[in-house]
Amino acid sequence: MRNYNLSSEVEKEGVRKYGRKMLYLPYEKVKTLEVPNFTAMGKVAALRFIEWLQKNPGGVISLPTGKTPQYFIEWTSHFLSGWKNRKVAAELDRWGLSTARPDMKSFWFVQIDEFYPIDPARENSFSHYIRKFYIKGFGLDRKKCLLLDTWTRGTAEGMTLGEIFPECKADLSLRHRSPKNEAESHQQKAIYEADSFAMDYENRIAELGGIGFFLGGIGPDGHIAFNIRGSDHNSTTRILNINYETAAASATDMGGIEMSRNKAVLTVGLATITRNPSATAIIMAAGEGKADVIRHSVEDDPSILYPATCLQKIGGSRFYVTSGAACMLTGRKQARLKAYSKIPCREKESIVTDITARLNKPIEMVSLSDLKHDINGSVLLEKEAGFNLEKLVGEITLNYSERIARGVQEIKNTSFLHTAPHHDDIMLGYLPYILHLVRQPTNFHYFATLSSGFSSITNSYTLSMLSNLEAFISTPGFTKIFANEKDYFDPGNIVAKNRDVYQYLDGVAANSPEMRREGEARRTFRNICEISGTIQKKEVMKKADFLKRQLLGSYPGKKDIGEIQMLKGMLREWEEELLWAHLGFSCDNIYHLRLGFYTGDIFSSRPQWKRDVRPFLSLLHRLKPDVVTVAFDPEGTGPDTHYKVLQIVASAIESYSRTVGKGLKIWGYRNVWQRFHPSEANIYVPVSMNSLAIMKRAFEICFASQKSASFPSPEYDGPFSELACKIMIEQGSAIKKVLGRDFFGGSRFARIRASRRVNLIREMDVEEFLQEAHVLRQLME
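One structure accompanies this document, and this report is about it. Here the structure is a predicted model, which means the values were calculated and not measured.

## Comments concerning the overall build of the protein chain
Argument step 1. Per the secondary structure count, the protein chain includes 31 helices and 17 strands.
Argument step 2. In terms of overall dimensions, the protein chain is globule-like: its C-alpha atoms have a radius of gyration of 28 Å, near the 28 Å expected for 781 residues.
Argument step 3. Taken over the C-alpha atoms alone, the protein chain extends approximately 80 × 75 × 60 Å along its principal axes.
Argument step 4. The buried share among the 781 residues of the protein chain stands at 58%.
Argument step 5. In the protein chain, of all internal contacts separated by at least 6 residues, the share reaching a separation of at least 24 is 77%.
Argument step 6. Treating the 103 positive side-chain charges of the protein chain as one cloud and the 90 negative ones as another, the clouds have centres 3 Å apart.

See below:
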């Protein structure tokens, strides 16, 4: 077995540059390099990879797929392709790398995992990803690549697994039961062949001396490769079914949870990764959404509940994480608190609020002993001489009650521009608050969605809308419109667009599915008019037939052609228009910006000033709002789109505020992908059962494409509206621990007495928002 060189100047420079130790004892059991952001994480991983290649020529490497490696791939390609460039050479030298470019053809490559069964030629297969980014992109030798290609394994000559498993799902119970029919007999044989392939694959890795350099991400359940929660740390390459969390995380790749749920996969085992004791194994994680699983993976003893804890057995294991992903690591949080000359009020609130939740006791019952025995509370006591707990509890209680008062305060004569990355983000973030804001007639509300959102519409749903159009195109209602209203389907006819919406909602009110379906058919026809550039019935239906054939000839997870993307995005826009029509807002109040950064590629492009920022800046100048709302999700948390929209909004506001928006207020909101701690928000909106009922029902009525939760959160197996309600319940419970039930039940305000949940908002002025958003002007340029 080969003994690899583990030494690293890159990691030493990373510690010096970013100012964080690699190991905070006694809490951390694996060395962890903390970097400020997603881009920096990819850069350091690329530099460490190249350093390892230089020191271990001809070694065995295993690299990840998915979105996490985006900047690793971009930086590695940048360094390899620009090796002779003076600036690149100087950068490599600063990180302690030698001048010798690694011979990429000398290395062996091991694929980490793959769906089973899947055609390796498909764009959403990991094999395709590897061929595109690693074999072609990095210049690896295809003959030295071990790939998990089983597409023709266990089949008759000329057949593929697509014919053996028509729905591309394998029932692994066939391993230990008798087949019920001939089809299952063929499937059983294929599964046994896949098991045999996995055994041979493991043996080939062993013959190579094990993996020398492993780079991977980490899943919502803590999985590395496809070793899901509960995996044996001694596991080898095998085929297994994934759990719900992993299926949800894979839904975008597979074209929906319907395709990924209970999907079988092939994966190297945990023992495969740690076979060689001199291996370097690096796990990357970005964003606060990964903070909890990183804390357990780095701090817990080895456990099947957190598969990444298996890496503790080899000395070359590392976690490369962003500050967001590291925020719950005990030693680092302590170090951050100790670094303050005076601990800020927000941190104090967070510490005490967390203690009330952990001990399940009202805030007035928290004692000095409780703080002393809390890891962060003890730092608070240590930092503040003459600490007065009673005073602090009183301050926190007053702050929380004032935030509740702000949440019920009537706002007048205010113009709101509500922004969203996707068409349902505003609803899921703070619809209960909007329900009250719109009751004041002196307020004005506008809604802007910055992306097209087409990636959250399945092929099957789109086909159902096209079939619905076919069913209605020759009905008397359509015939009458064609005969009497020649310009009804003109894409610029706002009055007619509103009539589509009213048709659908009248059908809801009348409990008439027929009326609703006619409204959908009208809007689908209108959408295809815009796509085809004509309102002529024959030409439009010809285009509809073309789009239908494109969808039928495609497969879930494949990148759509531009016209299909446009149609899917329009279906999302229609759903948003239905929602705001509930509250009396017509299409004139709604802006679908369809910004160009949103492409549907595995790695979406960075925001650009002219293409992405300028359209939103123009909208700011046009509407001159008093309040702009924004999805305030940290980098690497939830969809990448959220953070990019935050960048776009921040850059536009930075420019706008120089001349116009001096008094502009920014309301940050979060929804199902990330939540505020009560200490982070400054407006607490009481949420009644009535508001929750409206939110659930409106979501069901308006967002038909999302009812089945085809692209769900790994946290909850169901519609986003239900998860949003669950989050508000949790946040309300935390606040009630501080304020007490009597504060709510005994209030003189009916809205507060009726509260069963709480909706959190953070209001900021422009300066605070820009500072929090971390806008990098040079990135936007």
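Now that the structure has been shown, we can carry on.
## Concerning the pattern of salt bridges
Argument step 1. A full pass over the atoms with the stated rule returns 54 salt bridges.
Argument step 2. Measuring nitrogen to oxygen at the nearest pair gives 3.1 Å for the salt bridge that ties Arg-332 to Glu-34. Taken together, the residues Arg-332 in helix H12 (residues 330-339) and Glu-34 in strand S1 (residues 31-35) connect sequence positions 298 residues apart. As far as the burial class goes, Arg-332 and Glu-34 line up, both buried.

## A look at the pairing of strand S16 (residues 683-688)
Argument step 1. Burial analysis of S16 places 6 of its 6 residues in the buried class, which makes it a mostly covered element.
Argument step 2. Of the two faces of S16, the one lined by Ile-683, Val-685 and Val-687 and the one lined by Tyr-684, Pro-686 and Ser-688 are each fully buried.

## What to know about the environment of Arg-572
Argument step 1. One can find Arg-572 in helix H23 (residues 562-581).
Argument step 2. For Arg-572, a relative accessible area of 2% gives the class buried.
Argument step 3. Contacts of Arg-572, omitting those with residues within four sequence positions, involve His-422, His-423, Asp-424, Ser-452, Gly-453, Ser-456, Ile-457, Phe-703, Ser-705 and Gln-706.
Argument step 4. In terms of polar contacts, Arg-572 uses its side chain to reach the side chain of Asp-424, at 3.4 Å.

## Considering the packing of helix H19 (residues 476-484) against helix H21 (residues 513-532)
Argument step 1. Following both chains from N to C, one finds H19 and H21 inclined at 40°, their axes separated by 11 Å at the closest point. Classified by the interaxial angle, the pair formed by H19 and H21 is oblique. Note that H19 runs across H21; the crossing there is right-handed. Of H21, the residues touching H19 (which contributes Gly-477, Phe-478, Ile-481 and Phe-482) are Glu-518, Ala-521, Arg-522 and Phe-525.

## Overview of helix H13 (residues 345-359)
Argument step 1. The end-to-end C-alpha distance of H13, which contains 15 residues, comes to 21 Å, matching closely the 21 Å that a straight helix rising 1.5 Å per residue would cover.
Argument step 2. Of the positions making up H13, those classed as buried are Glu-347, Lys-348, Glu-349, Ser-350, Ile-351, Val-352, Thr-353, Ile-355 and Thr-356.
Argument step 3. Buried-residue contacts for H13 involve H12, helix H14 (368-372), helix H15 (375-383), helix H16 (389-408) and helix H27 (720-739).
Argument step 4. At the exit of H13 stands Asn-360, carrying a positive phi of roughly 55°.

## Quick look at the packing of aromatic side chains
Argument step 1. Here the structure, examined in full by the defined rule, presents 40 aromatic pairs.
Argument step 2. Centre to centre, the rings of Tyr-400 and Tyr-684 are 5.4 Å apart; their planes meet at 85°, and the pair counts as edge-to-face. With Tyr-400 in helix H16 and Tyr-684 in strand S16, this pair connects stretches of sequence that are 284 residues apart.
Argument step 3. By relative accessible area, which is 0% here, Tyr-684 ends up buried.

## Examining unusual backbone geometry
Argument step 1. For the bond from Leu-25 to Pro-26, the omega torsion is 5°, close enough to zero to count as cis.
Argument step 2. For Pro-26, the location among the structural elements is in the loop between helix H1 (9-18) and S1.
Argument step 3. Of note, the amide linkage connecting Tyr-116 to Pro-117 takes the cis form, showing an omega dihedral of -10°.
Argument step 4. With respect to the element layout, Pro-117 can be found in the loop between strand S4 (113-116) and helix H5 (126-138).
Argument step 5. Positioned with a positive phi, Cys-168 is a non-glycine residue whose angle comes to about 55°.

## A short note on the nonpolar core
Argument step 1. Counting residues in each nonpolar core, the largest one holds 97 residues, and the members touching the most others are Ile-61, Leu-63, Phe-72, Tyr-116, Tyr-134, Phe-138 and Ile-294.
Argument step 2. It is helix H2 (residues 38-55) that contributes the most residues to this core, 11 residues altogether.
Argument step 3. Excluding anything up to four places from it in sequence, Ile-61 contacts Phe-49, Trp-52, Leu-53, Phe-107, Trp-108, Phe-109, Val-110, Leu-140 and Phe-213.

## Regarding the sheet that holds strand S5 (residues 145-146)
Argument step 1. Strand order in the open sheet formed by 7 strands is S1-S10-S9-S6-S2-S3-S5, and the pairing between neighbours is parallel. In this open sheet, the two edge strands, each paired with only one partner strand, are S1 and S5.
Argument step 2. Sheet strands in contact with helix H11 (residues 291-299) are S1, strand S9 (280-285) and strand S10 (317-322), and its direction is about 155° off that of S10.

## Brief notes about the side chain of Thr-356
Argument step 1. By the element assignment, Thr-356 lies in helix H13.
Argument step 2. By relative accessible area, which is 0% here, Thr-356 ends up buried.
Argument step 3. Of the polar contacts made by the side chain of Thr-356, one reaches the backbone oxygen of Thr-353; its length is 2.6 Å.
Argument step 4. Residue contacts for Thr-356: discarding those within four places in its chain leaves Lys-361, Ile-363, Val-366 and Lys-737.

## Topic: the sheet that holds strand S7 (residues 238-241)
Argument step 1. Ordered by their spatial adjacency, 3 strands build an open sheet running S4-S8-S7, and the pairing between neighbours is antiparallel. Looking along the sheet, the strands with just one partner apiece sit at the ends: S4 and S7. Each neighbouring strand pair of the sheet contributes to a mean axis angle of 30°, computed without reference to strand direction.
Argument step 2. Sheet analysis places S7 next to strand S8 (residues 264-267), joined by 4 bridges and oriented antiparallel.

## A short note on the packing of helix H20 (residues 494-509) against H23
Angle between the axes and distance between the axes: these two values describe a pair of packed helices.
Argument step 1. Close contact between H20 and H23 brings their axes to 10 Å; oriented N to C, the two are set at 70°. Overall, the two elements H20 and H23 adopt an arrangement that is roughly perpendicular. Contacts between H20 and H23 involve Lys-497, Asp-500, Val-501, Tyr-504 and Leu-505 from the first element and Trp-574, Glu-577, Leu-578 and Ala-581 from the second.
Argument step 2. Here the residues of the contact of H20 with H23 are counted per class, giving 6 nonpolar, no polar and 3 charged.

The rules behind the values
- Residues numbered from 1 in each chain as written.
- Predicted model: local features only at pLDDT ≥ 70, side-chain atom pairs only at ≥ 80, totals over all residues.
- Heavy atoms only, no water.
- Helix = DSSP H or I, 4+ residues; strand = E, 2+ residues; numbered from the N terminus.
- Rg over C-alpha atoms; globule rule 2.2 N^0.38 Å.
- Buried < 20%, exposed > 50% of the residue type's maximum accessible area, 1.4 Å probe, protein only.
- Contact = heavy atoms within 4.5 Å.
- Lys, Arg positive; Asp, Glu negative; His and termini not counted.
- Charge placed at Lys NZ, Arg CZ, Asp CG, Glu CD.
- Salt bridge = Lys/Arg side-chain N within 4 Å of Asp/Glu carboxyl O.
- Polar contact = N/O pair within 3.5 Å; in protein donor to acceptor, adjacent residues only side chain to side chain.
- Axes fitted to C-alpha atoms, helices over the stretch in contact; angles between N-to-C directions.
- Parallel < 35°, antiparallel > 145°, perpendicular 65-115°, else oblique.
- Left-handed = near helix turned anticlockwise from the far one by under 90°.
- Expected span 1.5 Å × (residues − 1).
- Phe/Tyr/Trp six-rings, centres within 6.5 Å; stacked < 30°, edge-to-face > 60°.
- Core = buried A, V, L, I, M, F, W, Y, C linked by side-chain atoms within 4.5 Å.
- Pairing = 2+ DSSP bridges.
- Nonpolar A, V, L, I, M, F, W, Y, C, P; charged D, E, K, R; others polar.

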